Amino acid sequence: MAKKLLEMRSITKEFPGVKALDNVNITVEEGEIHAVVGENGAGKSTLMNVLSGVHPFGTYTGDIYFDEQLCRFHDIKDSERLGIVIIHQELALIPYLSIGENMFLGNERKRRGRIDWNQTFQQAEEYLRLVGLDENPRTLIKDISLAKQQLVEIAKALAKDVRLLILDEPTSSLNEGDSRKILDLLLSLRKERGITSILISHKLNEIAYCADRITVLRDGSTVETLDNRAGEVSEARIIRGMVGREMTERYPTRPNTIRDEVALEVRNWTAYHEIYTERKVVDNVSFKLHKGEVVGIYGLMGSGRSELALSIFGRAYGTKISGTVIKDGQTLELYSVPEAISAGLTYVTEDRKDSGLILGSSIMHNITLPRMDFVAPRGRIDRDLERRTANEYRDALDIKAPSVEQHVGNLSGGNQQKVLLAKWIYSQPDVLLLDEPTRGVDVGAKYEIYQIINDLAQQGKAILFISSELPEILGMCDRIYVMNAGRIIAEFVQSEATQEGIMECIMQQSKGEIGA
Amino acid sequence: MSSLRTVLRNNLKQYMILFALLAIIVAFQLMTKGMLLRPMNVSNLIFQNAYVVILAVGMLMCILTGGNIDLSVGSVVALVGACAGTFIIAWGWNSHLSILLCLIIGIVIGAWQGFWIAYARIPAFIVTLSGMLVFRGLTLIVLRGLTLAPFPSAFLAYSTGYIPDLIPGANLFGLRNSTSLLIGILIAVIYCISQIRSWFSRRKKDYEVENPVLLALKLAISSAAIVWLFYTLGAYRGVPMVLITVGIILLAYSYFTSHTVMGRHLYALGGNEKAARLSGVKTRKLLFLAYVNMSFLAAVAGIVFAARLNSASPQAGQSFELDAIAACFIGGASAYGGIGTVGGTLIGAMTMGILNNGMSIMGISSNVQQVVKGLVLLGAVAFDVLSKQRIQLDFIPFLGRRAAKHQESAKLEG
């Protein structure tokens, strides 16, 4: 058996009123990739915060051994000194500083008290080469893609002489191709430099792909540690550990709900970038949604999926927009979001915290916001009616909160997502443009959201389902459009669509572009 | 039915500032040997603080949009006073028409600043800092550096006058102005009836209603406070006209923020601008209107203040913006927007007013007074921020990220 690099013994951590971690044990061997999985709220992030010193020694009970030495971390600096580096899901890079400056932030290359810029950028270049990123270290962070930023974070960790790299959801906002690159980098870092990593992820296929061992947390306790060195652990096996039961059906079945009437038709839709107005982000897109139909749009990050939906939604994004939107046989001229909402369209954002919810406000106020007129007869808000309405939606979508007065910021990710859906279902739409409706929620909540979508389809709503998770698209959609570089490049019906077919379609397109 | 405890817990913050205000009143009442609440001083307090309350209400609307403040209000107060002085004293125009014209000037100033802030997207801090200089300068130009005085009584009546005693010689309970007491009783009765009626109608519709004992207690305390205030005013010269102006403004804006769609949109804008925009809130228009409204109220305050000084002075309104901002923050408004109430702002303004007045009666030097007021502002906001830091930090970009992470883990695992 390999040498133990890290051992956490009977870690218990309590927050006021709740036990977040209850006697958790985890052992990480030198040179392995160790995955930590669990539903939202299982205790993954808390465990990593204890390990990295975000929750300092004394606020938890139990022991941490690193290199068989008992450790007492009082802050992040303490753990970093030993080579434990954590990369958070929301990247901690400063957009208006260069790659090089970010890489050595807090770890500056100094000579006689002054920053040595030559050394900074020279070393930055070496680390960039190490992670396979071909960028000038003087480029500003804001000018590179999210996937590349993730690589910069890893390079930054390497610059700190990392021995144990902790990645919290490193691929949550990346598409499959970019995600694969990150995972392959972890594999090669392990092989070539012996770097041990802890990987936290919701994407079970990735874990099955690269993890050596998998520790499953549930409700703040360790359930089991699975050995995946032979690559034999299946996703179903992991899910069973996480939810404590076998999930045979990952996607609820929906009877055929498609009606003949076309609910929404978009013809020759073109939109340009808001700032770089000569760049086309949506290029001559045409598609149809029938009533009761769930139509998927799959595309890589930056393929123009969100921009397409947003520009249709009352031109909330883009400039020089042209094209026709026809709803129920009538051409719509939508120039603002309120117009789009009253025309029966909704756009459910991919980023609930940034542009979906008002976190400091109550569930009730969030839900009623898009159509205040429903609860304000004659212009006066009827608070009792508002509360009653909000309660109805809380019950209908099974949002777990003691009261609709509860602040949304205090809910778990899955429940926040349900509030976001509740808000838009409340607005009585005929067409829902759902942008990544299951991002950052756990397996159980995902299933509930799929069920909500099925219910909506059954009611005859037309649904555009944008996602970067292929299995979800294949499992949920009646028809699938594939988008790349602002264009729709293919259309599949569910029975003909396969993961390989769709990926191949995109790869061929992308190859063509790179070659050109 | 909600019990006393849950009601208290849910409104803890509102009650905290109210209790703090009561504590300050009691303390000064004792330290000034009863001078603070003497009829003449109560009347004075109203005159001294009317303009702060008016400005603070306007400032709250700006702060709600996302922590934006308006630094120009002191200068706008001065400019409007200068215009009123020029129209009425120098040119001899009709007082009523001049007041109307002054209010329009306020709206035009607001539209100027609102345009740059909402449509040109220049930070409010910079636009209003510019306004502070520009309008102060214009004041000096209009007045040529001189003070104009005195105003005719028609102009003063709106702000420094009292509601006359309709039944002179009645001397109810030995009051100089019995009408005042009757007005107070009338207001208390109307208040109680409306509350009780809404309670019954809600119960009929099967909505959740508060505990009747609690309601009775609330009504008794509020009515007693209202009747006491008007009784005290009656013991001096009656109800100041300006109290009517302030009262109407408070009621109107309180209704606006809590019961209108646009008021709710204001909170949404401050809570998360992007989310509000994607929910159909017209964010730019709202921001524009908040600043138009601010300058309009600054014009109202300018007229009230000019009447109180009975002159148009180029130095009028210095640092009023700071009093108004302080009142909002002491009253529980969030510096990041989206949180704050008109009631809280009133309490904040009263706290500052009573501190000023009480310390002056005690003969404490104005230098020390400034120190005390500064510390009270910091203390009030620090208490607020620290008591719910977890939610607040979330709204600060980057700095909040780690804290948000922190908080998220706490809550996710919870």
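How each quantity is defined
- Residues numbered from 1 in each chain as written.
- Chains lettered and ligands numbered in written order.
- Predicted model: local features only at pLDDT ≥ 70, side-chain atom pairs only at ≥ 80, totals over all residues.
- Heavy atoms only, no water.
- Helix = DSSP H or I, 4+ residues; strand = E, 2+ residues; numbered from the N terminus.
- Rg over C-alpha atoms; globule rule 2.2 N^0.38 Å.
- Contact = heavy atoms within 4.5 Å.
- Areas by Shrake-Rupley, 256 points an atom, 1.4 Å probe, with all protein chains shown as cover.
- Lys, Arg positive; Asp, Glu negative; His and termini not counted.
- Charge placed at Lys NZ, Arg CZ, Asp CG, Glu CD.
- Patch = residues over 30% accessible without salt bridge, like charges linked within 9 Å, V, L, I, M, F, W, Y side chains within 5 Å.
- Salt bridge = Lys/Arg side-chain N within 4 Å of Asp/Glu carboxyl O.
- Buried < 20%, exposed > 50% of the residue type's maximum accessible area, 1.4 Å probe, protein only.
- Pairing = 2+ DSSP bridges.
- 1 Å grid on protein atoms, 1.4 Å probe; cavity = no way out; pocket = protein on both sides within 12 Å on 5 of 7 lines; lining within 4 Å.
- Points joined across faces, edges and corners; volume = space filled by probe spheres on them.
- Nonpolar A, V, L, I, M, F, W, Y, C, P; charged D, E, K, R; others polar.
- Core = buried A, V, L, I, M, F, W, Y, C linked by side-chain atoms within 4.5 Å.
- Domains from an automatic or database assignment.
- Polar contact = N/O pair within 3.5 Å; in protein donor to acceptor, adjacent residues only side chain to side chain.
- Expected span 1.5 Å × (residues − 1).
- Buried area = accessible area lost by both parts, 1.4 Å probe.
- Phe/Tyr/Trp six-rings, centres within 6.5 Å; stacked < 30°, edge-to-face > 60°.
- Lys NZ or Arg CZ within 6 Å of the ring centre and 35° of its normal.

Attention now moves to the overall build of chain A. Looking only at helices and strands, one finds 17 helices and 22 strands in chain A. Over its C-alpha trace chain A gives a radius of gyration of 24 Å, about what one expects of a compact globule, namely 24 Å for 516 residues. The C-alpha extent of chain A, read off along each of the three principal axes, is 70 × 55 × 45 Å. By sequence separation, contacts in chain A at least 24 residues apart represent 67% of the contacts at least 6 residues apart. Total accessible area on chain A is roughly 21200 Å²; 44% of this is exposed by carbon and sulfur atoms. Put simply, chain A has 63 plus and 75 minus side-chain charges, and the middle of one group is 3 Å from the middle of the other.

Attention now moves to a nonpolar patch on the surface. Residues and elements named next belong to chain B. Residues L166, I167, L172, F173, L182, I185, V189, I193 and Y231 make up a contiguous nonpolar surface patch of about 840 Å² in total accessible area. A total of four residues in the nonpolar patch trace back to one element, the largest contributor, which is helix α8 (residues 178–204). The topology assignment puts Y231 in helix α9 (residues 212–235).

The next thing to look at is the pairing of strand β18 (residues 345–348) of chain A. All names here are of chain A. Side chains L345 and Y347 project from β18 onto one buried face, and the interleaved T346 and V348 project onto a second face that is buried too. Across four bridges, the pairing between β18 and strand β19 (residues 431–435) is parallel. In the strand pairing of β19, Y347 is matched with L433.

Empty space among the atoms can be located by rolling a probe the size of a water molecule over them. Residues and elements named next belong to chain A. Taken as a whole and assessed by the stated rule, the structure comprises three cavities of 30 Å³ or more. Roughly 140 Å³ of volume is contained in the largest cavity. Forming the walls of the largest cavity are Q89, E169, S172, H202, K203, E436, R439, G440, V441, K446, S468 and E469. When the residues that make up the lining of the largest cavity are grouped by side-chain class, the tally is one nonpolar, five polar and six charged.

Turning to the nonpolar core, a few remarks are in order. Residues and elements named next belong to chain A. Counting residues in each nonpolar core, the largest one holds 91 residues, and the members touching the most others are W269, F287, L308, F313, I363 and I502. Two domains each provide a minimum of three residues to this core, namely domain 2 (252–344 + 429–516) and domain 3 (355–428). Each residue touching I502, except ones within four places of it in the same chain, is listed here: Y298, L470, L474, I480, V482, F492 and A497.

With that settled, the discussion passes to the interface of chain A and chain B. Listed by partner, the interface residues are 60 residues for chain A and 40 residues for chain B. Remark: the boundary between chain A and chain B carries three salt bridges. For the pair chain A and chain B, the interface holds ten residue pairs in polar contact (both at pLDDT 80 or more). A per-element tally of the side of chain A that touches chain B places helix α13 (residues 383–396) of chain A first, with six residues. Of the residues that constitute the side of chain A that touches chain B, the class distribution is 28 nonpolar, 20 polar and twelve charged.

All names here are of chain B. End to end, α8 covers 39 Å across 27 residues, agreeing with the expected 39 Å (1.5 Å per residue, within 8%). Taking the backbone nitrogen of T179 as reference, a side-chain oxygen 3.2 Å away marks N177 as the first, capping residue of α8. Once α8 finishes, D206 follows within two positions and takes phi at roughly 75°, a positive value.

Residue and element names in this part refer to chain A. On domain assignment, one finds that chain A holds domain 1 (4–243), domain 2 (252–344 + 429–516) and domain 3 (355–428). Here domain 2 and domain 3 have C-alpha centroids that lie 25 Å from each other. Every contact between the two is made by 15 residues of domain 2 and, on the other side, 14 residues of domain 3. Together domain 2 and domain 3 conceal approximately 1200 Å² of surface at their shared face, both sides included; 71% is due to carbon and sulfur atoms. Contact with domain 3 buries surface across domain 2, with I341, P429 and I452 losing the most and accounting together for 40% of the total. At the junction of domain 2 with domain 3, the criterion picks out two salt bridges.

Under the definition given, this model contains 21 aromatic pairs over all chains. Geometrically, the ring pair formed by F313 of chain A and W424 of chain A is edge-to-face, given 6.0 Å between the ring centres and 90° between the ring planes. Of this pair, F313 of chain A sits in the loop between α9 (305–312) and β16 (319–327) while W424 of chain A sits in helix α14 (residues 413–426), and the two are 111 residues apart along the sequence. Each member of the pair, F313 of chain A as well as W424 of chain A, is classed as buried. Relative to F320 of chain B, the ring of Y51 of chain B has its centre 4.3 Å away and its plane inclined at 20°; by these criteria the two rings are stacked. A residue pair is termed long-range when its members are at least 10 positions apart, and Y51 of chain B in helix α3 (residues 39–64) and F320 of chain B in helix α14 (residues 320–330) qualify at 269 residues. The buried category is assigned to Y51 of chain B, whose relative accessible area is 12%. Using a relative accessible area of 7% as the deciding quantity, one classes F320 of chain B as buried. Over the ring of F121 of chain A we find R138 of chain A; its NZ or CZ atom is 4.0 Å from the centre of that ring. The side chain of K320 of chain A reaches across the aromatic face of Y272 of chain A, ending 4.3 Å from its centre.

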